[in-house]
Structure formats: C-alpha cells, structure tokens
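Survey of secondary and tertiary structure
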Amino acid sequence: VSWLRSWSIRELSCATGASTSIGHSGALPSTPMSVIVLSPVSGPRSTALQTALRVAFGRIRPAASPEAALAAHTEESRAPVVVDLRGAGPDADRIAGDLRRQLPSARILVLADPGQATPVDVDGVLTSPVYLSQVVGWCRHHASATLDDGALADLATGMSHEIGNP
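Residue numbers run consecutively from 1 along every chain, following the written order of its sequence. Only residues with pLDDT of at least 70 are given local features in this predicted model, and only at 80 or more are side-chain atom pairs given and counted; all residues enter the totals for whole chains, interfaces and linings. The basis for the side-chain values is all heavy atoms of the structure; hydrogens and waters are excluded.

**Concerning the environment of Ser46**
- Think of it this way: any DSSP run of H or I at least four residues long counts as a helix, any run of E at least two long counts as a strand, and we number them from the N terminus. Note that Ser46 resides in helix H4 (residues 44-57).
- Spatially, the C-alpha atom of Ser46 lies 9.5 Å from that of Leu85, the residues being 39 residues apart in sequence.
- Counted as a polar contact is a pair of N or O atoms within 3.5 Å, where, for protein atoms, one must be capable of donating a hydrogen and the other of accepting one, and residues adjacent in sequence contribute only when both atoms are in side chains. From its side chain, Ser46 meets the backbone oxygen of Gly43 in a polar contact 3.0 Å long.

**Quick word on the confidence of the model for the chain**
- pLDDT: the predictor's confidence for each residue, scored from 0 to 100. Per-residue pLDDT for the chain averages 75, and the proportion of residues at 70 or more is 67%.
- Per-element confidence in the chain is highest for strand S3 (residues 81-84), whose mean pLDDT is 94, and lowest for helix H3 (residues 21-25), whose mean pLDDT is 34.
- Residue contacts are counted whenever heavy atoms from the two residues lie within 4.5 Å of one another. In the predicted structure, residues 1-30 sits below a pLDDT of 50 and forms 39 contacts with residues beyond four places in sequence or in another chain.

**Quick look at helix H5 (residues 66-75)**
- Here's how the labels work: a residue is buried when its accessible area is under 20% of the maximum for its type, exposed when over 50%, partly exposed in between, all with a 1.4 Å probe on protein chains only. Of all the residues in H5, the buried ones are Ala69, Leu70, Ala72 and His73. For H5, the buried positions fall inside an angular range of 165° around the axis, keeping them on one side. Facing away from the buried side of H5 by over 90 degrees, the exposed positions are Glu67, Thr74 and Glu75.
- Lining the buried residues of H5 we find strand S1 (33-38), strand S2 (58-63), S3 and helix H6 (92-102). It is the directions from the helix axis to the C-beta atoms whose arc is reported.

**Here we look at the sheet that holds strand S4 (residues 108-112)**
- Overall, parallel pairing links the 5 strands, which are arranged S2-S1-S3-S4-S5 in an open sheet. Of all strands in the sheet, those bounded by a partner on one side alone are S2 and strand S5 (124-127). Geometrically, the sheet is characterised by an average inter-axis angle of 20° between neighbouring strands, direction not taken into account.
- Each of S1, S2 and S3 is contacted by H5, which is oriented at about 165° to S1, the strand it contacts most.
- Sheet strands touched by H6: S1, S3 and S4. Its angle to S4, the strand with the most contacts, is close to 180°. Note on pairing: DSSP must find at least two bridges between two strands before they are called paired. Only the stretch in contact is used when a helix axis is fitted, and all axes are lines through C-alpha atoms; the angle between N-to-C directions ranges over 0 to 180 degrees.

**Looking at the packing of H5 against H6**
- The N-to-C vectors of H5 and H6 enclose an angle of 30°; their axes lie 11 Å apart at closest approach. Classified by the interaxial angle, the pair formed by H5 and H6 is roughly parallel. Of the two possible hands of crossing, H5 and H6 adopt the one that is right-handed. The segment H5 lies against H6, with Pro66, Ala69 and Leu70 engaging Ile95, Leu99 and Gln102.
- Looking at the contact of H5 with H6, its residues break down into 5 nonpolar, 1 polar and no charged. Reported orientations rely on four angle classes, namely roughly parallel under 35 degrees, roughly antiparallel over 145, roughly perpendicular from 65 to 115, and oblique for the rest. Left-handed is the label given to a crossing in which the near helix is rotated counterclockwise from the far helix by less than a right angle, and right-handed is the label when the rotation is clockwise. Residue type decides the class: Asp, Glu, Lys and Arg count as charged, Ala, Val, Leu, Ile, Met, Phe, Trp, Tyr, Cys and Pro as nonpolar, and the leftover types, Gly among them, as polar.

**Describing the side chain of Gln50**
- Topologically, Gln50 is positioned in helix H4.
- Apart from the residues lying within four places of it in its own chain, the contact partners of Gln50 are Val37, Ser39, Ile60 and Pro62.

**Some remarks on the nonpolar core**
- Nine residue types can take part in a nonpolar core, namely buried Ala, Val, Leu, Ile, Met, Phe, Trp, Tyr and Cys, and a core is a set of them joined through side-chain atoms within 4.5 Å. Counting 20 residues, the largest nonpolar core has Leu38, Val81, Val83, Leu85, Leu99, Ile108 and Val110 as its most contacted members.
- When contributions to this core are tallied by element, the ones reaching two or more residues are S1, H5, S3, H6 and S4.
- When sequence neighbours within four positions are dropped, the list of residues in contact with Val110 reads Val83, Leu85, Ala96, Thr118, Val122, Gly124, Val125 and Leu126.
- Formed by 16 residues, the second largest nonpolar core is a distinct cluster that contains Val35, Ile60, Leu109 and Leu126.

**Section: the pattern of salt bridges**
- The working definition used for a salt bridge is a side-chain nitrogen of Lys or Arg within 4 Å of a carboxyl oxygen of Asp or Glu. Within the structure shown, the criterion is met by 8 salt bridges.
- Between Arg86 and Asp84 there is a salt bridge, and its shortest N-O distance comes to 2.7 Å.
- What makes Arg86 buried here is its relative accessible area of 9%.
- One connected set of salt bridges, linked through shared partners, spans Arg59, Arg61, Glu75 and Glu76.

Laid out in structure tokens, this is it:
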C-alpha cells in the first residue's frame, strides 16, 4: 500500500483517464457519479481499485459483502457494480452469480484471476492483469448508458423476426 500512497492525485487522474484538473484543487466533479465496489478480499489491489474509481468519479460505495452491495444498490440503482473477485477463492463465481440473480437490471463488471471461474450472466469480465483505466472506462460507459441501450438491439432483432425477417 505504500506505493499507492506515493502516487499523487494527479498521477491517479492520468492513470484513470479522469480530468487532471481535480489533481490540483482536490475538488470533486460537480455531479459525482457513484460506483458500487464489492471487494470480499481487502488488500493493495482493492485499495488501488477503490482509489482510482474515487478519483475518476468522485464517489464510490465500497462493500465488503454481497449484502452490503445490495443495500448500496437499493439507494443508487443506476450505479454500476464492480465485483472484485481477485483472490476470493473457489466460491468466487457464486458471489457474482447470486448478485446477478438479486439485481437483474444492474450493470455488473467482474474482476477475476486467470483461470478463475466467472458467471456468464454478468455484463463484463476483466481478468488479471486488470488495468485501472479499463475499469474506469467500463464504468463510465455503463453509467452513462440508458437502461434500454442493452435491450434495444435485442428488441429490434426480436421485432424483425416477428415480421418475417431472418
């Protein structure tokens, strides 16, 4: 964690793609977006992840358990959910799968170790090595998209089939 403390806000801002203007003043964006971060295993990787997301978006809702993530999502239903399963062990895919069943409309990104089983019904999976800029970009995209964006193509395809198109 000492290496993380040595980074300045400006360096984290550049690494995450956030505006470097927050590096000098320390001010948060005028309308901070929230991201829910479920990290069952605490450590340097989860600390770096949470710090990068906080710098990029202004606010995160950290959760150490699926129950805490569910509670956070009831208050912030549009917030993307990042599930950091790196180092979580063999039952890790169950955590994300259970969360998906309880939050069917949530946008869920899973961070996993190589070879770790991950649920197939999440919106995205990044396997280690995970670059913080990828996580920030994924969250930025999925937080700004409307709820209908993902279903629009499916709906159009379904309607197309209904009227006899292949």
